[in-house]
Amino acid sequence: MMYTKTEEQVVLMKEAAMLVSKTLTEVATVLKPGMTTLDIDKLCMEFAKDHKGTLSFYNYHGYPHNICASVNDVVVHGFPNKSPLKEGDIVSIDFGVILNGWHGDHAYTFIIGEANADAIDLVRITKESLYMGIEKAIANNRIGDIGYAIQEHTEKKHGYGVVRELVGHGLGKHLHEDPQVPNYGKRGTGLKLKENLVLAIEPMINMGTHKVFTDEDGWTVKTQDGKPSVHFEHDVCVKKNEALILSDFSIIEAAEKANINLNTSYY
Ligand code: MF3
Ligand code: CO
(Lines give C-alpha, C1' and ligand atoms only; values in the text may rest on other atoms or scores of the structure.)
(Ligands and ions follow the chains in the order given, each with its own letter.)
Protein backbone atom coordinates (compact mmCIF):
# COMPACT_ATOMS: atom_id res chain seq x y z
CA MET A 1 0.00 0.00 0.00
CA MET A 2 1.10 3.54 -0.72
CA TYR A 3 0.30 6.08 1.95
CA THR A 4 0.97 9.78 1.79
CA LYS A 5 1.52 11.42 5.16
CA THR A 6 -0.02 14.42 6.86
CA GLU A 7 2.23 17.34 7.85
CA GLU A 8 2.04 16.16 11.49
CA GLN A 9 3.08 12.66 10.49
CA VAL A 10 6.01 14.00 8.47
CA VAL A 11 7.22 15.80 11.62
CA LEU A 12 7.06 12.53 13.55
CA MET A 13 8.84 10.69 10.75
CA LYS A 14 11.61 13.28 10.85
CA GLU A 15 12.11 12.44 14.53
CA ALA A 16 12.41 8.74 13.69
CA ALA A 17 14.82 9.41 10.83
CA MET A 18 16.89 11.71 13.05
CA LEU A 19 17.18 9.07 15.74
CA VAL A 20 18.83 6.86 13.13
CA SER A 21 21.08 9.75 12.02
CA LYS A 22 22.09 10.40 15.64
CA THR A 23 22.83 6.72 16.12
CA LEU A 24 25.03 6.66 13.01
CA THR A 25 26.75 9.78 14.36
CA GLU A 26 27.65 7.79 17.49
CA VAL A 27 29.09 5.12 15.21
CA ALA A 28 31.09 7.75 13.31
CA THR A 29 32.51 9.00 16.59
CA VAL A 30 33.94 5.69 17.80
CA LEU A 31 34.61 3.66 14.66
CA LYS A 32 38.22 2.50 14.29
CA PRO A 33 40.27 -0.46 13.11
CA GLY A 34 39.93 -3.42 15.48
CA MET A 35 36.30 -2.73 16.28
CA THR A 36 33.88 -5.44 15.21
CA THR A 37 30.52 -5.00 13.53
CA LEU A 38 28.96 -6.79 16.52
CA ASP A 39 30.35 -3.97 18.71
CA ILE A 40 28.59 -1.51 16.40
CA ASP A 41 25.36 -3.50 16.59
CA LYS A 42 25.43 -3.29 20.38
CA LEU A 43 26.16 0.43 20.34
CA CYS A 44 23.25 1.10 17.95
CA MET A 45 20.87 -1.06 19.94
CA GLU A 46 21.73 0.66 23.22
CA PHE A 47 21.65 4.18 21.79
CA ALA A 48 18.25 3.66 20.16
CA LYS A 49 16.77 2.10 23.30
CA ASP A 50 18.13 4.94 25.45
CA HIS A 51 16.28 7.35 23.16
CA LYS A 52 12.92 5.56 23.27
CA GLY A 53 13.36 3.87 19.92
CA THR A 54 12.24 0.33 19.14
CA LEU A 55 14.52 -1.80 17.00
CA SER A 56 12.93 -2.52 13.65
CA PHE A 57 15.37 -4.83 11.87
CA TYR A 58 15.58 -7.46 14.58
CA ASN A 59 13.34 -10.37 13.55
CA TYR A 60 12.11 -8.57 10.44
CA HIS A 61 11.30 -11.61 8.30
CA GLY A 62 13.59 -13.43 10.72
CA TYR A 63 16.56 -11.05 10.35
CA PRO A 64 18.78 -11.99 13.33
CA HIS A 65 20.47 -8.64 14.20
CA ASN A 66 19.77 -4.96 14.86
CA ILE A 67 21.89 -3.50 12.07
CA CYS A 68 23.08 -4.55 8.65
CA ALA A 69 26.87 -4.22 8.41
CA SER A 70 28.07 -4.68 4.86
CA VAL A 71 31.85 -4.73 4.43
CA ASN A 72 33.67 -4.42 1.06
CA ASP A 73 32.12 -6.93 -1.39
CA VAL A 74 29.00 -7.26 0.76
CA VAL A 75 26.32 -5.13 -0.88
CA VAL A 76 23.63 -5.09 1.82
CA HIS A 77 22.11 -7.16 4.65
CA GLY A 78 25.49 -8.28 6.01
CA PHE A 79 25.30 -9.84 9.48
CA PRO A 80 27.37 -8.12 12.14
CA ASN A 81 30.18 -10.48 13.15
CA LYS A 82 33.25 -10.87 15.33
CA SER A 83 35.91 -10.11 12.75
CA PRO A 84 37.74 -6.86 13.48
CA LEU A 85 37.42 -4.08 10.93
CA LYS A 86 40.71 -3.17 9.34
CA GLU A 87 42.38 -0.29 7.59
CA GLY A 88 41.01 0.11 4.07
CA ASP A 89 37.63 -1.52 4.75
CA ILE A 90 34.51 0.21 3.53
CA VAL A 91 31.54 -0.58 5.71
CA SER A 92 27.91 0.35 5.25
CA ILE A 93 25.91 0.55 8.47
CA ASP A 94 22.18 0.34 7.85
CA PHE A 95 19.95 0.88 10.87
CA GLY A 96 16.24 1.20 11.54
CA VAL A 97 14.08 2.24 14.48
CA ILE A 98 10.43 2.80 15.25
CA LEU A 99 9.76 5.99 17.21
CA ASN A 100 6.21 6.96 18.18
CA GLY A 101 4.96 4.39 15.70
CA TRP A 102 6.94 5.67 12.71
CA HIS A 103 9.92 4.10 10.98
CA GLY A 104 13.31 5.62 10.35
CA ASP A 105 15.61 3.55 8.11
CA HIS A 106 18.86 4.81 6.71
CA ALA A 107 22.43 3.88 5.94
CA TYR A 108 25.88 5.38 5.61
CA THR A 109 29.15 3.97 4.26
CA PHE A 110 32.33 4.63 6.26
CA ILE A 111 35.91 4.24 5.06
CA ILE A 112 38.30 2.93 7.72
CA GLY A 113 41.70 4.63 7.56
CA GLU A 114 43.72 4.59 4.37
CA ALA A 115 41.83 3.09 1.46
CA ASN A 116 42.65 2.83 -2.19
CA ALA A 117 41.65 5.70 -4.44
CA ASP A 118 39.18 3.60 -6.45
CA ALA A 119 37.25 2.66 -3.32
CA ILE A 120 37.17 6.27 -2.16
CA ASP A 121 35.82 7.37 -5.57
CA LEU A 122 33.10 4.73 -5.36
CA VAL A 123 32.00 6.04 -1.96
CA ARG A 124 31.95 9.65 -3.14
CA ILE A 125 30.12 8.98 -6.37
CA THR A 126 27.51 6.74 -4.72
CA LYS A 127 26.79 9.48 -2.19
CA GLU A 128 26.55 12.05 -4.99
CA SER A 129 24.12 9.82 -6.87
CA LEU A 130 21.86 9.59 -3.83
CA TYR A 131 21.51 13.39 -3.82
CA MET A 132 20.88 13.39 -7.56
CA GLY A 133 18.06 10.91 -7.04
CA ILE A 134 16.69 12.99 -4.15
CA GLU A 135 16.55 16.08 -6.39
CA LYS A 136 13.99 14.25 -8.50
CA ALA A 137 11.76 13.39 -5.53
CA ILE A 138 9.30 16.20 -6.21
CA ALA A 139 5.55 16.09 -6.77
CA ASN A 140 4.43 15.19 -10.30
CA ASN A 141 7.79 13.67 -11.21
CA ARG A 142 7.81 9.90 -11.65
CA ILE A 143 9.58 7.10 -9.80
CA GLY A 144 11.64 6.42 -12.93
CA ASP A 145 13.13 9.92 -12.75
CA ILE A 146 14.83 9.03 -9.45
CA GLY A 147 16.37 5.80 -10.73
CA TYR A 148 17.35 7.40 -14.01
CA ALA A 149 19.32 10.14 -12.22
CA ILE A 150 21.14 7.60 -10.04
CA GLN A 151 21.92 5.27 -12.93
CA GLU A 152 23.15 8.06 -15.18
CA HIS A 153 25.67 9.27 -12.62
CA THR A 154 26.95 5.86 -11.53
CA GLU A 155 26.61 3.48 -14.45
CA LYS A 156 26.66 5.74 -17.49
CA LYS A 157 29.16 8.34 -16.29
CA HIS A 158 31.45 6.22 -14.12
CA GLY A 159 30.95 2.65 -15.39
CA TYR A 160 29.82 1.23 -12.06
CA GLY A 161 27.18 -1.47 -11.60
CA VAL A 162 23.74 -0.53 -10.26
CA VAL A 163 22.26 -3.39 -8.26
CA ARG A 164 18.94 -4.43 -9.78
CA GLU A 165 17.65 -7.01 -7.31
CA LEU A 166 17.23 -4.65 -4.37
CA VAL A 167 15.47 -1.30 -4.38
CA GLY A 168 14.43 1.59 -2.17
CA HIS A 169 10.91 1.78 -0.81
CA GLY A 170 8.12 3.76 0.78
CA LEU A 171 8.46 4.24 4.53
CA GLY A 172 5.94 4.98 7.27
CA LYS A 173 4.07 2.81 9.76
CA HIS A 174 5.80 -0.07 7.96
CA LEU A 175 9.46 -0.53 7.10
CA HIS A 176 8.66 -1.37 3.52
CA GLU A 177 5.69 0.34 1.88
CA ASP A 178 4.84 0.96 -1.74
CA PRO A 179 6.19 2.19 -4.03
CA GLN A 180 9.43 0.39 -4.81
CA VAL A 181 12.20 2.83 -5.70
CA PRO A 182 14.69 1.27 -8.13
CA ASN A 183 18.11 2.84 -8.58
CA TYR A 184 17.78 2.43 -12.34
CA GLY A 185 15.07 3.30 -14.80
CA LYS A 186 13.67 5.46 -17.53
CA ARG A 187 12.80 9.11 -17.19
CA GLY A 188 9.09 9.92 -17.17
CA THR A 189 8.02 6.36 -16.38
CA GLY A 190 6.46 4.74 -13.35
CA LEU A 191 4.23 6.00 -10.61
CA LYS A 192 3.61 9.74 -10.33
CA LEU A 193 5.02 11.13 -7.07
CA LYS A 194 2.63 12.86 -4.68
CA GLU A 195 3.40 15.48 -2.08
CA ASN A 196 4.14 13.97 1.37
CA LEU A 197 4.99 10.55 0.09
CA VAL A 198 7.96 9.38 2.20
CA LEU A 199 10.61 7.32 0.44
CA ALA A 200 13.77 5.54 1.52
CA ILE A 201 16.11 6.12 -1.41
CA GLU A 202 19.09 3.78 -1.24
CA PRO A 203 21.54 3.35 -4.10
CA MET A 204 23.61 0.16 -3.91
CA ILE A 205 26.48 0.68 -6.33
CA ASN A 206 29.15 -1.85 -7.28
CA MET A 207 32.65 -1.01 -8.50
CA GLY A 208 32.40 -3.79 -11.07
CA THR A 209 29.50 -5.88 -12.32
CA HIS A 210 25.98 -5.10 -11.13
CA LYS A 211 25.46 -8.82 -10.56
CA VAL A 212 25.00 -10.06 -7.01
CA PHE A 213 24.20 -13.28 -5.19
CA THR A 214 22.81 -14.16 -1.79
CA ASP A 215 24.98 -16.10 0.61
CA GLU A 216 24.02 -19.43 2.23
CA ASP A 217 22.80 -17.55 5.31
CA GLY A 218 19.84 -16.43 3.20
CA TRP A 219 20.52 -12.70 3.76
CA THR A 220 24.03 -11.50 2.92
CA VAL A 221 24.07 -10.04 -0.58
CA LYS A 222 27.51 -9.99 -2.24
CA THR A 223 28.95 -8.88 -5.56
CA GLN A 224 29.54 -11.72 -8.01
CA ASP A 225 32.99 -10.46 -8.94
CA GLY A 226 34.14 -9.85 -5.35
CA LYS A 227 34.70 -6.14 -5.99
CA PRO A 228 33.49 -3.59 -3.43
CA SER A 229 30.00 -2.15 -3.18
CA VAL A 230 28.73 1.00 -1.49
CA HIS A 231 25.34 1.80 0.01
CA PHE A 232 23.90 5.10 1.20
CA GLU A 233 20.28 5.63 2.22
CA HIS A 234 18.24 8.72 3.11
CA ASP A 235 14.63 9.08 4.23
CA VAL A 236 13.01 11.67 1.99
CA CYS A 237 9.63 13.39 1.87
CA VAL A 238 8.34 14.36 -1.57
CA LYS A 239 7.46 18.06 -1.77
CA LYS A 240 6.29 20.42 -4.50
CA ASN A 241 9.53 22.26 -5.24
CA GLU A 242 12.32 20.54 -3.35
CA ALA A 243 12.42 17.21 -1.55
CA LEU A 244 12.63 17.38 2.23
CA ILE A 245 15.39 15.10 3.55
CA LEU A 246 14.26 13.75 6.93
CA SER A 247 17.53 12.06 7.88
CA ASP A 248 20.75 14.08 8.18
CA PHE A 249 24.23 13.22 6.98
CA SER A 250 25.77 16.50 8.17
CA ILE A 251 26.01 15.38 11.80
CA ILE A 252 27.47 12.04 10.74
CA GLU A 253 29.98 13.79 8.49
CA ALA A 254 31.05 16.17 11.25
CA ALA A 255 31.76 13.22 13.55
CA GLU A 256 33.49 11.38 10.71
CA LYS A 257 35.77 14.37 10.08
CA ALA A 258 36.65 14.62 13.76
CA ASN A 259 37.59 10.92 13.89
CA ILE A 260 41.20 10.44 12.76
CA ASN A 261 40.51 6.74 12.10
CA LEU A 262 38.05 7.49 9.32
CA ASN A 263 38.87 8.59 5.81
CA THR A 264 37.18 11.76 4.64
CA SER A 265 39.73 12.65 2.00
CA TYR A 266 37.00 12.82 -0.65
CA TYR A 267 35.14 15.67 1.04
N1 MF3 B 1 17.46 -0.58 4.54
C2 MF3 B 1 17.25 -1.99 4.40
C3 MF3 B 1 16.11 -2.25 3.47
O4 MF3 B 1 15.33 -1.38 3.27
C5 MF3 B 1 16.94 -2.60 5.70
C6 MF3 B 1 16.88 -4.06 5.69
S7 MF3 B 1 16.09 -4.52 7.09
C8 MF3 B 1 16.44 -6.09 7.44
O9 MF3 B 1 16.00 -3.32 2.88
F10 MF3 B 1 15.90 -6.31 8.56
F11 MF3 B 1 15.90 -6.86 6.50
F12 MF3 B 1 17.69 -6.27 7.46
CO1 CO C 1 15.68 0.70 3.40
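What comes next concerns the included structure.

Parameters at a glance
Residues numbered from 1 in each chain as written. Chains lettered and ligands numbered in written order. Predicted model: local features only at pLDDT ≥ 70, side-chain atom pairs only at ≥ 80, totals over all residues. Heavy atoms only, no water. Salt bridge = Lys/Arg side-chain N within 4 Å of Asp/Glu carboxyl O. Helix = DSSP H or I, 4+ residues; strand = E, 2+ residues; numbered from the N terminus. Buried < 20%, exposed > 50% of the residue type's maximum accessible area, 1.4 Å probe, protein only. Near = heavy atom within 4 Å. Polar contact = N/O pair within 3.5 Å; in protein donor to acceptor, adjacent residues only side chain to side chain. Areas by Shrake-Rupley, 256 points an atom, 1.4 Å probe, with all protein chains shown as cover. Nonpolar A, V, L, I, M, F, W, Y, C, P; charged D, E, K, R; others polar.

## A word on the pattern of salt bridges
So, step 1. Inspection of every chain in the model, using the stated rule, returns 11 salt bridges.
So, step 2. Notably, a salt bridge pairs Lys156 with Glu152, separated by 3.8 Å at the nearest N-O pair. With Lys156 and Glu152 both in helix H4 (residues 143-156), this residue pair falls four residues apart, about one helical turn.
So, step 3. The salt bridge involving Glu155 is made with Arg164; its shortest N-O contact spans 2.9 Å.
So, step 4. On the basis of relative accessible area, Glu155 is assigned to the partly exposed category, the value being 22%.
So, step 5. For Arg164, a relative accessible area of 27% gives the class partly exposed.
So, step 6. Overlapping salt bridges, with partners in common, bring together Asp121, Arg124 and Glu128 in one network.

## Some words on the site of ligand 1
So, step 1. Close contacts around ligand 1 come from 13 residues, with Asp94, Asp105, His169, His176 and Glu233 the closest.
So, step 2. Contact distances for ligand 1 include 2.8 Å between an oxygen atom and a side-chain N or O atom of His176.
So, step 3. Contacts to ligand 1 include Glu233, whose side-chain N or O atom sits 3.0 Å from a nitrogen atom.
So, step 4. A total of 330 Å² of accessible area belongs to ligand 1 in isolation, and the protein chains cover 95% of it.
So, step 5. Of the residues that constitute the shell around ligand 1, the class distribution is six nonpolar, three polar and four charged.

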